[in-house]
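Summary of structural features
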Amino acid sequence: PPHPPALPSPPDSPPAPSLPPSLPQSPLAPIAFMPPSIPPSSPPSTSPSTPPTSPPGGFACVVISTPSTEMCHVYPHHGGNDTGLRGGRAGNAAKCHEWCEADIRCNFYSVWSTGNCEAEGICWCETSETCNYRYQQPGQQITILECSRLSPFLPPPSTPPSTPPSKPPPSTPTPSTPPSTPPSMPPPVVPPSTQPSLPPSLP
């Protein structure tokens with residue numbers, strides 16, 4: 001039988017490229033280390049400035065406007081000229097009072113009492129440095145209070161203790177001396193009669 005044709009021999013594979021000889025490294029040579037590339041970080045966000053805190057001392061507020069529709073006009077977008085400080089849902093009147101006390105610039109605050117906001121903890125509050133103008137909020141119940149601080153650096157005037165008037169020492173009674181009476185004179189001595197005694201009468 002005829003033999004199949006012989007297959008051509010595969011071409012020789014090209015020789016592997018020779019690698020350059022590795023250079024000997026000195027044991028003291030530092031090994032370079034490249035840190036991974038870090039994308040540039042965004043600049044840190046600046047937190048809002050903290051209002052100056054109130055120094056220790058007394059803080060008292062009085063009502064200058066009973067519940068009405070008026071508030072201190074702290075809304076510049078509505079033409080307000082009062083200097084507003086902090087506004088938001090304080091929750092109740094006590095928290096609004098704390099907001100004003102915590103900021104030494106606060107002299108007034110307007111607190112809402114509309115509906116049932118105290119029980120629900122959603123009452124609105126606006127603290128301000130001034131309250132020269134009023135802004136109407138129809139349908140709302142708002143109370144405005146004016147606050148004052150007692151400087152801790154000026155001690156209250158001290159009242160000197162009241163001392164009772166000194167009483168004169170009690171006078172010791174001196175024993176009363178009875179009035180001096182002249183000594184009683186003895187009765188005069190009558191000398192005996194010098195007349196001669198008569199003899200008894202004879203019978």
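Residues numbered from 1 in each chain as written. Predicted model: local features only at pLDDT ≥ 70, side-chain atom pairs only at ≥ 80, totals over all residues. Heavy atoms only, no water.

Here we take up the overall build of the protein chain. When helices and strands are counted, the protein chain shows two helices and seven strands. Scanning the protein chain from its N terminus toward the C terminus, one meets helices and strands in the order β-β-β-α-β-α-β-β-β. By the burial criterion, 17% of the 203 residues in the protein chain qualify as buried. The long-range share in the protein chain, meaning contacts at least 24 apart out of those at least 6 apart in sequence, stands at 76%. Only carbon and sulfur atoms are counted for the fraction: they give 64% of the accessible area of the protein chain, which is about 17200 Å². (Helix = DSSP H or I, 4+ residues; strand = E, 2+ residues; numbered from the N terminus. Buried < 20%, exposed > 50% of the residue type's maximum accessible area, 1.4 Å probe, protein only. Contact = heavy atoms within 4.5 Å. Areas by Shrake-Rupley, 256 points an atom, 1.4 Å probe, with all protein chains shown as cover.)

Here we take up helix α1 (residues 93-102). All of the buried residues along α1 are C96, W99 and C100. The buried side chains of α1 occupy one side of the element, clustering within an arc of 95 degrees when seen end-on. Check the buried side of α1 and you find it contacts β1 (59-68), β3 (84-91), β4 (108-112), β5 (123-128) and β7 (142-149). Its side-chain oxygen 3.3 Å from the backbone nitrogen of A94, N92 forms the N-cap of α1. (Arc of directions from axis to C-beta. Polar contact = N/O pair within 3.5 Å; in protein donor to acceptor, adjacent residues only side chain to side chain.)

All right, on to the pairing of β7 then. In terms of strand pairing, β1 meets β7 through seven bridges, oriented antiparallel. Bridge assignment links S65 to a residue of β7, and that residue is I144. As paired elements, β4 and β7 share five bridges and run antiparallel to each other. For W112, the partnering residue across the bridge sits in β7 and is I142. (Pairing = 2+ DSSP bridges.)

Tallied over the full model, the rule gives one aromatic pair. The cationic tip of R86 hangs over the ring face of W99; the distance from NZ or CZ to the ring centre is 3.8 Å. (Phe/Tyr/Trp six-rings, centres within 6.5 Å; stacked < 30°, edge-to-face > 60°. Lys NZ or Arg CZ within 6 Å of the ring centre and 35° of its normal.)

Counting eleven residues, the largest nonpolar core is built from F59, A90, C96, W99, C100, C106, Y109, V111, C125, L145 and C147. Counting residues per element, the ones that place at least two in this core are α1, β4 and β7. No other element matches the three residues that α1 contributes to this core. Beyond its immediate stretch of four places on either side in the chain, F59 contacts H97, C100, E101, C147, S148 and R149. (Core = buried A, V, L, I, M, F, W, Y, C linked by side-chain atoms within 4.5 Å.)

Throughout this description, disulfide means a covalent bond between two cysteine sulfur atoms. This structure, assessed with the given rule, holds five disulfides. In this model C72 forms its disulfide with C131; the gap between the sulfur atoms is 2.0 Å. Across the S-S bond linking C72 and C131, the dihedral sits near -95 degrees, which makes this disulfide left-handed. In this pair, C72 sits in strand β2 (residues 70-72) while C131 sits in the loop between β5 and β6 (134-136), placing the two residues 59 residues apart along the sequence. Of the two residues examined, C72 and C131, each falls in the buried class. With its disulfide-bonded cysteines labelled consecutively along the sequence, the protein chain is connected as 1-10, 2-9, 3-8, 4-5, 6-7. (Disulfide = S-S within 2.5 Å.)

These values are about where atoms sit, not about what they do.
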